[in-house]
Amino acid sequence: SDLPPQSFSFTQQPDIGIDDNLGRMLTLHSNAKIVLSKKMAIRPSVLYLRQKQAQELTLGTSVGYKFIEDYKYDVSGTVFLGSWYRFNDALVMLIGGEYQYFTLGISYDINVSSLRLASKGRGGPEISLIYEAPLPTKRRRRALPCPRFDR
C-alpha cells in the first residue's frame, strides 16, 4: 500500500476527505432496587446510548434471593437471575451472585435481529467480576456488650 500512515484524534478532524470523527456519546442509565421481602428483591434497569445517528435502548430486570445474612459477622450473599432486551438487537440472559464485596455475573446475548443470520444463531458470552470497596461510613458498627447489674 502506498498510503501514508495516518493518525486519528478524538478531538480533531483528520484532513482525509471523510467524516470519521467519533462524535460525543450520550449515556443514560438508571436502576432501582425494589425489596419484596427480607430475602427477595427485583432490580429493574434501563440503559440508553446515543452517538451520532446510532442509538441503543436496553430494558430489563433481575430477581435476587438473599441466601445468607449474618449481621454479627457482617456477611451477606445473594444469587440473582435476570433478563434484558436490547431493542431491535438481542435478548440478554444473566445469572450471578454477590458475596460480601464481590459480584460475579455470567451473561449471554442471544441475537434476535436480522444479524442472527450472520452470527449463525450463536450469541455472545460475557463474564464480569466486580469488587466494591466498602466505605468506612458504610461499615456496620459492632454491638458493645452491655453489663448486667444484679439487684
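Keep in mind it's a predicted model, so treat the numbers as computed, not measured. (Residues numbered from 1 in each chain as written. Predicted model: local features only at pLDDT ≥ 70, side-chain atom pairs only at ≥ 80, totals over all residues. Heavy atoms only, no water.)

This part covers the overall build of the protein. Counting its secondary structure elements, the protein contains one helix and eight strands. Secondary structure elements of the protein occur, N-terminal to C-terminal, as β-β-β-β-β-β-β-α-β. By the burial criterion, 17% of the 151 residues in the protein qualify as buried. Looking at the protein alone, contacts between residues at least 24 apart form 28% of all its contacts between residues at least 6 apart. (Helix = DSSP H or I, 4+ residues; strand = E, 2+ residues; numbered from the N terminus. Buried < 20%, exposed > 50% of the residue type's maximum accessible area, 1.4 Å probe, protein only. Contact = heavy atoms within 4.5 Å.)

Here we take up unusual backbone geometry. Trans peptide bonds make up the majority, and among non-glycine residues the majority have a negative phi. Positive phi, normally seen in glycine, also occurs at Lys52, with a value near 55°. Note on placement: Lys52 falls in the loop between strand S3 (40-51) and strand S4 (54-70). You can call Lys52 partly exposed: its relative accessible area is 35%. You will see that Asn88, though not glycine, has its phi angle at about 60°, which is positive. Along the polypeptide, Asn88 turns up in the loop between strand S5 (75-86) and strand S6 (90-99).

Glancing now at the pairing of S5. Examined bridge by bridge, S4 and S5 share 12 bridges and lie antiparallel to one another. Residue pairing in the sheet places Leu59 in a bridge with Tyr85 of S5. The sheet contact formed by S5 and S6 spans 10 bridges and is antiparallel. Its bridge partner lying in S6, Val79 is registered against Gly97. What sits between the antiparallel neighbours S5 and S6 is a turn of three residues, in which Asn88 has the positive phi angle 60°. (Pairing = 2+ DSSP bridges.)

We now examine the pattern of salt bridges. Should their charged atoms come close, side chains of opposite charge can pair. With the rule as written, the count across this model stands at three salt bridges. When the shortest N-O distance is used, the salt bridge between Asp89 and Arg86 registers 2.7 Å. Taking relative accessible area as the criterion, Arg86 reaches 16% and is therefore assigned buried. Residue Asp109 is joined to Arg86 by a salt bridge in which the shortest nitrogen-to-oxygen separation is 2.8 Å. (Salt bridge = Lys/Arg side-chain N within 4 Å of Asp/Glu carboxyl O.)

Under the definition given, this model contains three aromatic pairs. For the pair Tyr85 and Phe87, a centre-to-centre distance of 4.9 Å together with 75° between the ring planes defines the contact as edge-to-face. A relative accessible area of 40% places Phe87 in the partly exposed class. Ring geometry for Tyr101 against Tyr131: centres 6.5 Å apart, planes inclined by 80°, an arrangement best described as edge-to-face. (Phe/Tyr/Trp six-rings, centres within 6.5 Å; stacked < 30°, edge-to-face > 60°.)

Moving on, we come to a nonpolar patch on the surface. There is a patch of nonpolar side chains on the surface, built from Leu81, Ile95, Tyr101, Phe102, Leu104, Ile106, Ile127, Leu129 and Tyr131 and spanning about 950 Å² of accessible area. Mapped onto the nonpolar patch, the elements with two or more residues apiece are strand S7 (102-111) and strand S8 (124-131). Mapped onto the elements of the fold, Ile127 is located in strand S8. A relative accessible area of 68% means that Ile127 is categorised as exposed. (Patch = residues over 30% accessible without salt bridge, like charges linked within 9 Å, V, L, I, M, F, W, Y side chains within 5 Å. Areas by Shrake-Rupley, 256 points an atom, 1.4 Å probe, with all protein chains shown as cover.)

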